[in-house]
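One letter stands for each residue in the lines below.
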Amino acid sequence: MSRTVFCRKYQRELEGLEQPPLPGPKGQDIYDNISKQAWQEWLAHQTMLINEKHLNLMDMGSRTYLNEQMDKFLSGEDYDKAEGYVPPESST
């Protein structure tokens, strides 16, 4: 049986992650309070931000920016979108 958490982003009980996605207290907080669905959506959004904003993950400023955006995204706050991104058209 999968474990459930009360997701901070969606404000309801959803399937939780199998293990903390990051080391330390921040990873434990995400594990305890963020659903698997919200985490997967964040990973996709993070990839989009990295690509569209040409972020260099070797740069501390870029990593700090992504951490701030992750906190906003997972808390349901207003977060940055990738400017100019056009989602692919669905084939249905």
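One structure accompanies this document, and this report is about it. Worth saying up front: this structure is predicted, and the values here are computed from it rather than measured.

The rules behind the values
- Here the residue numbers are simple positions, counted from 1 along each chain's written sequence.
- Owing to the predicted nature of the model, reporting of local features is limited to residues with pLDDT of at least 70; listing and counting of side-chain atom pairs is limited to 80 or more, with chain, interface and lining totals taken over all residues.
- The side-chain quantities take in all heavy atoms of the structure and omit both hydrogens and water.
- Numbering of helices and strands runs from the N terminus; a helix is a DSSP stretch of H or I covering at least four residues, while a strand is a stretch of E covering at least two.
- Only protein chains enter the area calculation, which uses a 1.4 Å probe; residues under 20% of their type maximum are buried, those over 50% are exposed, and those in between are partly exposed.
- Throughout, a contact is declared for two residues whenever any of their heavy atoms are within 4.5 Å.
- Note that accessible areas follow from Shrake-Rupley with a 1.4 Å probe, and for residues the cover is restricted to the protein chains shown.
- Residues scored as charged are limited to Lys and Arg (positive) and Asp and Glu (negative), so that His and the chain ends carry no count.
- By convention, charge coordinates are those of NZ in Lys, CZ in Arg, CG in Asp, or CD in Glu.
- Here, a salt bridge means any side-chain nitrogen of Lys or Arg that lies within 4 Å of a carboxyl oxygen of Asp or Glu.
- Any helix carries an expected span of 1.5 Å times its number of residues minus one.
- Any two strands with at least two DSSP-identified bridges between them are counted as paired.
- The criterion is simple. A nonpolar core is a set of buried Ala, Val, Leu, Ile, Met, Phe, Trp, Tyr and Cys residues joined through side-chain atoms within 4.5 Å.

1. Thoughts on the overall build of the protein
Broken down by element type, the protein carries three helices and two strands. For the protein, the succession of helices and strands along the chain, N to C, is β-β-α-α-α. Overall, the C-alpha framework of the protein stretches about 40 × 40 × 20 Å when taken along its three principal axes. A buried classification covers 28% of the 92 residues belonging to the protein. In the protein, of all internal contacts separated by at least 6 residues, the share reaching a separation of at least 24 is 48%. Element-wise, carbon and sulfur atoms account for 52% of the exposed surface of the protein, whose accessible area totals about 6300 Å². Counting 10 positive and 15 negative side-chain charges, the protein places the averaged centre of each group 2 Å from the other.

2. As for the pattern of salt bridges
Where charged atoms from two side chains of opposite charge come close, those side chains can pair. A full pass over the atoms with the stated rule returns four salt bridges. The residue Arg-8 makes a salt bridge to Asp-29 at a minimum N-O spacing of 2.8 Å. Taken together, the positions of Arg-8 in the loop between strand 1 (4-7) and strand 2 (12-15) and Asp-29 in helix 1 (residues 24-33) put the pair 21 residues apart, joining distant regions of the chain. The network of salt bridges with shared partners includes Glu-15, Glu-18 and Lys-36.

3. So, helix 3 (residues 60-75)
Look at helix 3: 23 Å from first C-alpha to last across 16 residues, which is about the 22 Å you get at 1.5 Å a residue. Buried residues in helix 3 make contact with helix 1 and helix 2 (36-52). Gly-76 sits one or two residues past helix 3 and shows a positive phi near 80°.

4. With respect to the pairing of strand 1
The pairing of strand 1 with strand 2 spans four bridges and is classified as antiparallel. By the bridge assignment, Thr-4 is partnered in strand 2 with Glu-15. Counting the residues between successive antiparallel strands, the hairpin from strand 1 to strand 2 contains four residues, one of them, Gln-11, with a positive phi of roughly 55°.

5. Points about the nonpolar core
Ranked by size, the top nonpolar core spans 17 residues in total, and within it Ile-30, Ile-34, Trp-39, Trp-42, Leu-66, Met-70 and Leu-74 carry the most contacts. Those elements giving two or more residues to this core turn out to be helix 1, helix 2 and helix 3. Once residues within four sequence positions are removed from consideration, Met-70 is found in contact with Leu-22, Lys-26, Ile-30, Trp-39 and Trp-42.

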